[in-house]
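Architecture and fold: a report
Spelled out, the chains give:
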Amino acid sequence: MNKKEYMVAELNKLTKLLELFQLEQIEQNIFRGVSFDLGFRALFGGQVLGQALMAANRTVEPERQAHSMHAYFLRAGDAKAPIVYQVTRTRDGRSFTTRHVRAIQHGQPIFDMSVSYQTHEDGFEHQDEMPTGIPEPETLKSFGEIYAAAEDVPDYVRDQMTRDRPVEVRPVNVIEKINPTPREPLKYVWFRAAGEVPDDPRLHQAVLAYASDFELLGTTMLPHGVSFVQKDIQAASLDHALWIHRPFRVDEWLLYRMSSSNMSNARGLAHGQIFSRDGRLVASVMQEGLVRRLSPDWKRGG
């Protein structure tokens with residue numbers, strides 16, 4: 001696949017992703033979404049984050065924007081089945097609005113999230129500075145381009161890493177996933193939607209929530225020289241928190257700084273900061289995930 005064909009395929013995937021966020025309303029406060037198989041062992045958590053946010057959005061006044069989301073992944077989702085989202089209107093205050101969203105498949109809750117909205121207010125401001133010395137995204141290759149050209153890569157890894165994705169990700173420091181060696185738990189990627197996203201801030205937030213789940217948990221594995229593509233490693237997101245600080249466009253390049261502060265009891269904690277290209281800190285992320293090495297006789301399950 002040449003570069004033009006690759007970009008057309010990515011754009012088609014973006015169109016499909018945006019369609020996934022147009023949820024069907026089946027009852028008051030109840031919505032249904034379809035699934036998007038990215039080739040992972042289970043439904044991608046970022047999809048559920050984005051769809052759950054869009055479900056909550058449908059019950060909140062347009063002038064209020066989401067500023068924080070706190071979610072738990074309860075069960076592995078089925079990428080081949082629809083998802084029902086039940087929204088509870090927890091509170092409607094003068095400045096803040098709170099919603100609770102539960103995602104259900106096959107009669108079982110798979111995901112639980114609280115999201116808070118706020119009307120815009122002017123006030124004090126400060127932020128962490130954007131990291132310096134980071135190569136520009138135009139000088140870097142995407143994961144798809146890197147693994148399409150890589151030699152001695154197992155077919156299952158090449159297939160997973162070169163799949164057409166609705167969000168283009170260009171790693172700053174390319175990390176070996178097949179035979180990784182221990183390294184500092186810090187990495188950077190540039191990302192953006194693979195095409196133009198309509199001028200709806202809530203849609204941009206949903207795509208950002210979707211993208212915030214990429215690569216984050218893998219940061220916790222860096223000091224241990226393992227990766228999620230290795231067949232004896234089980235990795236799964238347990239919870240995810242996202243704070244949105246400032247307006248942004250997800251179809252413009254964003255820098256994602258990821259680090260990890262802890263790994264213990266088979267759980268890794270990852271931190272993320274997302275900067276616009278002009279240096280504004282637009283979002284912060286935290287995630288804890290399960291990371292364990294499987295024994296040969298291990299049977300998968302919660």
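No experiment lies behind these values; they were computed from the predicted model shown.

The rules behind these values
- Residues numbered from 1 in each chain as written.
- Predicted model: local features only at pLDDT ≥ 70, side-chain atom pairs only at ≥ 80, totals over all residues.
- Heavy atoms only, no water.
- Pairing = 2+ DSSP bridges.
- Helix = DSSP H or I, 4+ residues; strand = E, 2+ residues; numbered from the N terminus.
- Axes fitted to C-alpha atoms, helices over the stretch in contact; angles between N-to-C directions.
- Parallel < 35°, antiparallel > 145°, perpendicular 65-115°, else oblique.
- Left-handed = near helix turned anticlockwise from the far one by under 90°.
- Contact = heavy atoms within 4.5 Å.
- Nonpolar A, V, L, I, M, F, W, Y, C, P; charged D, E, K, R; others polar.
- Core = buried A, V, L, I, M, F, W, Y, C linked by side-chain atoms within 4.5 Å.
- Buried < 20%, exposed > 50% of the residue type's maximum accessible area, 1.4 Å probe, protein only.
- Salt bridge = Lys/Arg side-chain N within 4 Å of Asp/Glu carboxyl O.

So, about the pairing of strand β10 (residues 254-264). As paired elements, strand β8 (residues 186-193) and β10 share six bridges and run antiparallel to each other. If you follow Leu186 over to β10, its bridge partner there is Ser259. Bridging between β10 and strand β11 (residues 267-276) involves 10 bridges; their strand directions are antiparallel. Bridge pairing links Met263 to Gly268 in β11. Where β10 hands over to β11, the hairpin turn is made up of two residues, of which Asn265 adopts a positive phi near 55°.

Time to look at the packing of helix α2 (residues 45-57) against helix α5 (residues 201-211). The contact between α2 and α5 brings their axes to 7 Å, and the two run at 155°. What the angle tells us is that α2 and α5 run roughly antiparallel. Considering only the axes of α2 and α5, their crossing is right-handed. The residues of α5 that touch α2, namely those facing Gly46, Gln47, Leu49, Gly50, Leu53, Met54 and Asn57, are Arg202, Leu203, Gln205, Ala206, Ala209 and Tyr210. Its residues assigned to classes, the contact of α2 with α5 shows seven nonpolar, five polar and one charged.

Sheets are built from strands paired through backbone hydrogen bonds, the pairs being either parallel or antiparallel. Taken together, the 12 strands give an open sheet; going across it, the order is β1-β2-β4-β5-β6-β3-β9-β12-β11-β10-β8-β7, and neighbouring strands pair in antiparallel fashion. In this open sheet, the two strands that pair with only one neighbour each are β1 (24-27) and β7 (167-171). Averaged over all neighbouring strand pairs, the angle between strand axes comes to 25°, with direction disregarded. Two strands pair when backbone bridges link them, and strand β4 (residues 83-92) and strand β5 (residues 96-105) are joined in this way by eight bridges, in the antiparallel orientation. Opposite Thr88, over in β5, you have His100 as the bridge partner. Where α2 meets the sheet, its contacts fall on β2 (30-33), β3 (65-73), β4, β5, β6 (108-118) and β9 (233-244), and the angle it forms with β6 comes to roughly 55°. Across the sheet, α5 touches β3, β6, β7, β8, β9, β10, β11 and β12 (281-293), and the angle it forms with β3 is around 30°.

Within the largest apolar cluster, 63 residues are counted, with the highest numbers of intra-cluster contacts made by Tyr85, Phe111, Met113, Phe191, Leu208, Val250 and Ile274. Membership of the second largest hydrophobic core comes to 10 residues, among which are Leu140, Trp190, Leu255 and Phe275.

This part is about the pairing of β7. Burial of β7 is extensive: five of the five residues sit out of reach of the surface. Of the two faces of β7, both are covered, the one formed by Val167, Val169 and Pro171 as well as the one formed by Glu168 and Arg170. Two elements, β7 and β8, share five bridges in a ladder whose sense is antiparallel. In the sheet register, Val169 faces β8, and the bridge partner there is Phe191.

This part covers the pattern of salt bridges. Oppositely charged side chains can form a pair if their charged atoms are brought close together. What the rule picks out here adds up to 14 salt bridges. Between Asp92 and Arg99 there is a salt bridge whose closest N-O contact spans 3.0 Å. A residue is classified by how much of its surface remains accessible, and Arg99, at 1% relative accessible area, is buried. Residues joined by salt bridges that share partners form a network here, namely Glu136, Glu138 and Arg277.

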